[in-house]
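Close look at the chain arrangement
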Amino acid sequence: MAHRTDEELETKEMDIKSFSSSQRQATSLPYIHKVGVPPKQNLFKEFTMAAKETFLSDDPLRHFKGQSGPRKFILGLQAIFPILEWAQSYNLTKFRGDLIAGLTIASLCIPQDIGYAKLANLQPQYGLYSSFVPPLIYAFMGSSRDIAIGPVAVVSLLLGTLLQNEIDPTKNAAEYLRLAFTATFFAGITQVTLGFLRLGFLIDFLSHAAVVGFMAGAAITIALQQLKGFLGIATFTKKTDIVSVMHSVFGSAHHGWNWQTIVIGASFLCFLLFAKYIGKKNRKLFWVPAIAPLISVVLSTFFVYITRADKQGVQIVKHIEKGINPVSLNQIYFTGENLLKGFRIGVVAGMIALTEAVAIGRTFASMKDYQLDGNKEMVALGTMNVVGSMTSCYVATGSFSRSAVNYMSGCQTAVSNIIMSCVVFLTLEFLTPLFKYTPNAILSAIIISAVLGLIDFEAVVLIWKIDKFDFIACMGAFFGVIFASVEMGLLIAVSISFAKILLQVTRPRTAMLGRIPRTNVYRNIQQYPEATKVPGVLIVRVDSAIYFSNSNYIKERILRWLTDEEELLKAAYLPKIQFLIVEMSPVTDIDTSGIHALEELLTSLQKRHVQLVLANPGRTVIDKLFASDFANSIGENKIFLTVADAVITCAPKSVEEV
């Protein structure tokens, strides 16, 4: 151990001698390394390259380079319909996995679809319609192997809430249905447009924390809405906030609750939750919670039928239209006031549906280690909703619960969606009369058990630990949904997410740097307390691009660093600051306002007899510094490749002392 310590001491001594030697050599030079100034580029070429990197960052046309005409045509078809690519290697083994997965998610989706349609204030068959046509379209155009398509709770609630604010679903059922189809059409158009123009990054503006809060709030709101069917209440509020819902629930406690309904709902809710518990405890029993909803529907329907509980006040589904999707193109509003209403609602519903689907797709793609093309997903989801709106469907997207079951069931490709769609087709053609005596309470129990999984307590705790501002966004979205409305919660979520972006852009971080002992490395003195300041030199790092939105703040913050440091030096009777070095490696870009701020900073420093020095500006920044002539104003000999070069050249004696 002692020998090893001696070696370490010798190594440190050599490092110090080597560093001091390099310092001495450097002091005889004006600067050690010159910052490279890139040659002038064609402005049009520069703009084209920037636009390509922004919108075509993944270079989607790279597969077409060097290919013949027929081959390009085939590749083009495969880009639009990925099924043409992976179908070539499809085999019986993969079909076996897809068959089991498709049948399993079909058993889950049928009872869920009936309940989600009611959540959207639509007749039950429209939920089934939305699990027939859209999954078929997605299977041909989608790039995810694991997403299971259909109506989902959050989008159903959002759509139902926004639609009923415009048209009463009871008094004007026909107009309400037409507006639902119109909103679905524009939801699809929004998704296709985002994918085609490669603007998928827009959905990332809704932060993960805001989505977690929104989903949790929506889950509680959805569960509370199900108390109408769970308790057998005939008259229920149309508002979604928790105060109105609880007032409606307890206001009808004496005369509105039906004990038979409560017994049915509570019994099967316990059964469903127990089935989910079994599935979590033993992953091999994933099929138990998957088929539990269908078993619940079958048993409860049989029980109501043989006891004629519907005569005792137990509310039942009554009638589900038989047959596959009728054409609804002629019912979409293409003119008039309802066109604008449908457009507005569709954009909101489409964005939320897209956010959920892309998040689900990315999650399962990472688990199976394959790439998901987000823009292709948007085009596929949008196309299926556009076609769906013309075939009596409302907004469909990727369902997390069904996708999880699909994954656990061993799905291999999107063929599982085709299997599920075929089962729904058979249900619509032959089995819908069997759901006549299905109690509404069981549908409520199924929805409650499904949405509880949307409340992610672990994610909330993690958000609190990592970022308190994210936690505020999460809680803001959560409380906005449960105490106001779904759209208000969504608005709060988006607003807080944008507020965070604006705050980070307008108030970027800056740091004072010091030298790590026995090295020429300069780091944040708050992160590295052992880092020492260089006498007569103040080193500040700017951790952001310098734009019009933050340039004035950055200038003032640097001057505050300088003022505070000078006050400390004056109090300690130490030499004044002679050089201010700005470390610019994190500065990715600068605009005219940023250049102007640097000019004002230079003027202020000259009045204080402090020299401004820049270290390691990037290619874009150095280009603009020369184009604006600021490089000449400060002097090319005041622009260095590294902070170490700047310190050694500007204050060599100070470094020797340190």
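Read on for an overview of the structure. Being a predicted model, the structure only gives us computed values, none of them experimental. (Residues numbered from 1 in each chain as written. Predicted model: local features only at pLDDT ≥ 70, side-chain atom pairs only at ≥ 80, totals over all residues. Heavy atoms only, no water.)

Brief notes about the pattern of salt bridges
Threshold: Salt bridges, as used here, are contacts in which a Lys or Arg side-chain nitrogen is within 4 Å of a carboxyl oxygen on Asp or Glu. Strands here are runs of E lasting at least two residues and helices are runs of H or I lasting at least four, both read from the DSSP assignment and numbered beginning at the N terminus. Burial here depends on accessible area, computed with a 1.4 Å probe over protein chains only, as a share of the maximum for the residue type. Under 20% is buried, over 50% is exposed, and the range in between is partly exposed.
In total, this model carries 14 salt bridges according to the counting rule given. Linking Glu337 and Lys341 is a salt bridge whose minimum nitrogen-to-oxygen distance equals 3.6 Å. A residue pair is termed a helical-turn pair when its members lie 3 or 4 positions apart in one helix, as Glu337 and Lys341 do in helix α15 (residues 337-368) at four residues. Judged by relative accessible area, which is 57%, Glu337 ranks as exposed. A salt bridge links Arg608 to Glu566, with the shortest nitrogen-to-oxygen separation between them at 3.5 Å. Of this pair, Arg608 sits in the loop between α24 (592-607) and β7 (611-615) while Glu566 is found in helix α23 (residues 551-571), placing the two residues 42 residues apart along the sequence. Overlapping salt bridges, with partners in common, bring together Glu166, Glu337, Lys341 and Arg344 in one network.

Topic: the state of the cysteines
Stated precisely, the cut-off is as follows: Cysteine sulfur pairs qualify as disulfides if the two atoms are within 2.5 Å.
Evaluation of the coordinates by the stated rule reveals zero disulfides. For the unlinked cysteine Cys422, the closest cysteine sulfur is that of Cys109, found at 12 Å.

A few points about the nonpolar core
Defined as follows: Here, nonpolar core refers to any group of buried Ala, Val, Leu, Ile, Met, Phe, Trp, Tyr and Cys residues whose side-chain atoms link them within 4.5 Å. Any two residues whose heavy atoms approach within 4.5 Å at even a single point are treated as in contact.
Formed by 96 residues in total, the largest nonpolar core has its most connected members in Leu122, Val154, Leu159, Phe214, Ile222, Ile352 and Val451. Apart from the residues lying within four places of it in its own chain, the contact partners of Leu159 are Ala183, Ile345, Ala349, Tyr394 and Val395. Ile546, Ile558, Leu601 and Val610 belong to the second-largest nonpolar core, a separate cluster that totals 34 residues.

Describing the sheet that holds strand β6 (residues 579-583)
Test applied: When DSSP finds two or more bridges between a pair of strands, those strands are recorded as paired. To obtain an axis, a line is fitted to C-alpha atoms, over the contacting stretch when the element is a helix, and the angle between two such axes runs from 0 to 180 degrees between their N-to-C directions.
Across the sheet, which stays open at both edges, the six strands sit in the order β4-β3-β5-β6-β7-β8 with mixed pairing between neighbours. Two strands in the sheet have a free side with no partner beyond their single neighbour: β4 (522-524) and β8 (639-640). Bridge analysis of strand β3 (residues 510-515) against strand β5 (residues 537-542) gives three bridges, and the strand direction is antiparallel. Bridged to Thr510 within β5 is Val542. Across the sheet, α23 touches β3, β5 and β6, and the angle it forms with β5 is around 150°.

Topic: helix α12 (residues 242-251)
Quick reminder of the rule: To obtain the arc, one takes the directions from the helix axis to the C-beta atoms.
Of the positions making up α12, those classed as buried are Ser244, Val245, Ser248 and Val249. Along the long axis of α12, the arc covered by the buried residues comes to 130°, so they all point the same way. Structural note: α12 exposes Val243, His247 and Phe250 on the side pointing more than 90 degrees away from its buried face. Of the surrounding secondary structure, the elements contacted by the buried residues of α12 are α10 (208-225) and α11 (227-231).

Here we look at the packing of aromatic side chains
Note the following rule: Only Phe, Tyr and Trp rings are paired, with Trp represented by its six-membered ring, and only when their centres lie within 6.5 Å; those with planes under 30 degrees apart are stacked, over 60 edge-to-face, the remainder tilted. The criterion for a charge sitting over a ring is simple: Lys NZ or Arg CZ within 6 Å of the ring centre, and within 35 degrees of the ring normal.
By the definition in use, this model includes 13 aromatic pairs. The rings of Phe185, Phe186, Phe334 and Phe343 are connected pair by pair, giving a single aromatic cluster. We note Arg178 situated over the ring of Tyr333; from NZ or CZ to the ring centre the distance is 4.1 Å. The residue whose ring lies beneath Arg557 is Trp561, and the NZ or CZ to ring-centre distance is 4.4 Å.

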